[in-house]
Amino acid sequence: MSDAKNTYEHSVPFFWPMAAAMEWQKTGLDAVEKGLTYLDEAAKITHPPDPKWATKNDVLLDLDTMRLRDFGGTGGGIPVIVDAPYAGHSSTIADYAKGQSLIETLLDAGLGRVLCTDWKSATPEMRDFDIDKYLAEINVAVDELGGRVMLVGLCQGGWMSAMYAARFPEKVAGLVLAGSPIDTDAGHGPIRKLAHEMPLSAYQEMVEAGEGRMPGRFMLTGWKNMHADQQYFGKFVDLYEHIDDRNFMKRTERFESWYENPIDLPGRYYLQAIDLLFKQNLFAKGEFVGLGRKLDLGAITCPAFLLAGKADDITTREQVFAAETLLGTPRKDIVSRLVEGGHIGLFMGSHTLSNVWPEIGQWLGKLGAKAGDTNNGPDRR
């Protein structure tokens, strides 16, 4: 008579793999092999190697905050800087994998020069870097490229790009805001709720625990808890069910190498963002001071492209599309797109990469051609 209960003791963590293997022996060699393969894959996705850039590039600048990566290009016009998110994960999300890369998609659109910010994980020496430090180093990058660029801001990189464009409007010929919270009081997403309900002292305590930095592992835990069922249980069930599917395994390993390797943020920068942007919403109100001046979104008059996801629970569509009325750009020069999917899918989802980003690339190409190629650097691809 079969017994649904385990025959061997599984409660001692150190010994449970051995006990589990004894159970698997009773179900035959195939089950044992599948179980051991699962253990190996589960270990890989829990402690994966660091993510890699998928597209060949050169490091044009190595600054305190970032490496500016140059992917070259084949056309002319003004350089495009992809301002990757600096919110706890690697910038490689912009160049996730061959055939699944925003950078690759923009290059295929024929742009003259595409670059990307590769933000560095905060060291103890970086603990006091503030938002001004990051704006200043973006300015160094822009000046290196001739003093005028088009900016593609992803998530946090969007509000940073918008800040830069508000501070130096003459240096930005076009602005893309993808999943970017411009008005953080808009909508009713969980991030907005958490920012307002959780006292600033709680964020300060986490920074203190990180010795002046916001540890990426703290933020990762918070993100996982937004979808706890999937992150702590569901994805391991999916892994076991697809253990014989090598394509599924490769995709999972690649994603987890990005997701499970968070980066640390400077404490001062992080607390400024939480307090001044998400709690007080000063940027949308025109009261945030960047590099010595109040930043007015109305000062931005260049063409803009706004991209939001219907199921995005990190940056709601309302937070992105608020830019339609806050920017000084004429409404006829603003393109807005609402697409299926969530937050991460905006940057690496197959739907947006095949249907929306080519349109954005062509839009940027036309802008760059219109503005001229007088400050376009040599082909470095």
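The model shown is predicted, which means the values in this text are computed figures rather than measured ones. Within each chain, residues carry numbers counting from 1 in the order of the written sequence. Reporting in this predicted model follows two pLDDT cut-offs: at least 70 for local features of residues, and 80 or more for side-chain atom pairs to be given and counted; totals over whole chains, interfaces and linings ignore these cut-offs and use all residues. For side-chain calculations, the full set of non-hydrogen atoms in the structure is used, while hydrogens and water are omitted.

Draft legend 1. Fine view of the side chain of threonine 316. On the secondary structure map, threonine 316 appears in the loop between strand S11 (304-309) and helix H13 (317-321). Contacts: residue pairs with any heavy atoms within 4.5 Å of one another. When sequence neighbours within four positions are dropped, the list of residues in contact with threonine 316 reads Ala186, Gly187 and Gly189. The secondary structure listing takes helices from DSSP runs of H or I that are at least 4 residues long and strands from runs of E that are at least 2 residues long, numbered from the N terminus.

Draft legend 2. Spatial organisation of the layout of surface pockets. Only protein atoms enter the calculation, which uses a 1 Å grid: trapped sets of points that fit a 1.4 Å probe without letting it out are cavities, open sets showing protein on both sides within 12 Å along at least five of seven lines are pockets, and any residue with an atom within 4 Å of a point is a lining residue. Grid points are joined across faces, edges and corners, and a volume is the space filled by probe spheres set on the points. Each pocket or cavity is described by its volume, and for the second largest pocket that value is around 280 Å³. Forming the boundary of the second largest pocket are 14 residues, of which Asp50, Ser90, Trp119, Ser121 and Ile263 lie nearest the centre. Gly is placed with the polar residues, together with every amino acid not listed as nonpolar (Ala, Val, Leu, Ile, Met, Phe, Trp, Tyr, Cys and Pro) or charged (Asp, Glu, Lys and Arg). Tallied by class, the residues present in the lining of the second largest pocket amount to five nonpolar, five polar and four charged.

Draft legend 3. Here's a closer look at helix H11 (residues 267-279). Any residue under 20% of the maximum accessible area for its type is buried, any over 50% is exposed, and the rest in between are partly exposed; the area is computed with a 1.4 Å probe on protein chains only. Every buried residue belonging to H11 is among Gly267, Tyr269, Tyr270, Ala273, Ile274, Leu277, Phe278 and Lys279, and all of these are buried. Downstream of H11 by a residue or two, asparagine 281 has a phi angle that is positive, lying close to 55°.

Draft legend 4. Representation of empty space enclosed by the protein in the model. Tallied over the full model, the rule gives two cavities of 30 Å³ or more. The calculated volume of the largest cavity comes to roughly 40 Å³. Looking at the largest cavity, the residues that line it are Trp159, Pro181, Ile182, Thr184, Leu277, Asn281, Leu282, Phe283 and Ala284. What the second largest cavity holds in volume is close to 40 Å³. For the second largest cavity, the full set of lining residues is Gly76, Gly77, Ile78, Val80, Leu111, Gly112, Arg113, Met150, Leu364, Gly365 and Gly368. For the lining of the second largest cavity, the element with the highest residue contribution is helix H17 (residues 357-371), accounting for three residues. Among the residues forming the lining of the second largest cavity, the class breakdown is five nonpolar, five polar and one charged.

Draft legend 5. Layout of the pairing of S11. Burial runs high along S11: six of the six residues are buried. Along S11, one buried face is formed by Ala304, Leu306 and Ala308 and the opposite face, lined by Phe305, Leu307 and Gly309, is buried too. Bridge count for strand S6 (residues 172-178) against S11 is four bridges, and the pairing is parallel. Among the inter-strand pairings, valine 176 is bridged to a residue of S11, identified as phenylalanine 305. Two strands form a pair only when DSSP identifies at least two bridges running between them. As paired elements, S11 and strand S12 (residues 334-339) share six bridges and run parallel to each other. Bridge pairing links alanine 308 to leucine 338 in S12.

Draft legend 6. Seen up close, the pattern of salt bridges. Whenever Lys or Arg places a side-chain nitrogen within 4 Å of a carboxyl oxygen from Asp or Glu, that contact is recorded as a salt bridge. Counted according to the given criterion, the structure contains 14 salt bridges. Note that aspartate 62 is salt-bridged to arginine 67, the shortest N-O span being 3.9 Å. Between lysine 171 and aspartate 143 there is a salt bridge whose closest N-O contact spans 2.9 Å. Residue lysine 171 is located in the loop between helix H5 (156-167) and S6, and its partner aspartate 143 is located in helix H4 (residues 131-144); the two are separated by 28 residues in the primary sequence. Classification of lysine 171 by relative accessible area gives buried; the value is 14%.

Draft legend 7. Seen up close, the packing of aromatic side chains. Put simply, two rings from Phe, Tyr or Trp (the six-membered ring, in Trp's case) pair if the centres are within 6.5 Å, and we call them stacked under 30 degrees between planes, edge-to-face over 60, tilted for the rest. Scanning the model with the defined rule gives 11 aromatic pairs in all. Between tyrosine 164 and phenylalanine 168, the ring centres sit 5.0 Å apart and the planes meet at 45°, which makes this aromatic pair tilted. Each member of the pair tyrosine 164 and phenylalanine 168 is classed as buried. Seen in terms of ring centroids, tyrosine 203 and tyrosine 270 are 6.3 Å apart; in terms of plane orientation they differ by 55°. Their pairing is tilted. Of this pair, tyrosine 203 sits in helix H7 (residues 200-209) while tyrosine 270 sits in helix H11, and the two are 67 residues apart along the sequence.

Draft legend 8. Structural view of the sheet that holds strand S1 (residues 58-62). Reading across the sheet, the eight strands line up as S1-S2-S4-S3-S5-S6-S11-S12 and stay open at both edges, with mixed pairing between neighbours. The sheet is open, and its two borders are formed by S1 and S12, each paired with just one other strand. Sheet twist, expressed as the average angle between the axes of neighbouring strands with direction ignored, equals 20°. The angle between two axes is taken between their N-to-C directions and runs from 0 to 180 degrees, where each axis is a line fitted to C-alpha atoms and a helix contributes only its stretch in contact.

Draft legend 9. Geometry of H5. For H5, which comprises 12 residues, the first-to-last C-alpha distance of 17 Å matches the rise-based estimate of 16 Å (1.5 Å per residue) to within 8%. For H5, the set of buried residues is Gln156, Gly157, Gly158, Trp159, Met160, Ser161, Ala162, Met163, Tyr164, Ala165, Ala166 and Arg167. Take the residue count of a helix, subtract one, and multiply by 1.5 Å to get its expected span.

Draft legend 10. Local environment of the packing of H5 against H11. Across the interface, H5 lies against H11 with an axial gap of 13 Å and an inter-helix angle of 75°. Overall, the two elements H5 and H11 adopt an arrangement that is roughly perpendicular. Residues Gln156, Trp159, Met160 and Met163 of H5 form the contact with H11, whose own contacting residues are Tyr269, Ala273, Leu277 and Phe278. Any angle from 65 to 115 degrees is called roughly perpendicular, while one under 35 is roughly parallel, one over 145 is roughly antiparallel, and all others are oblique.

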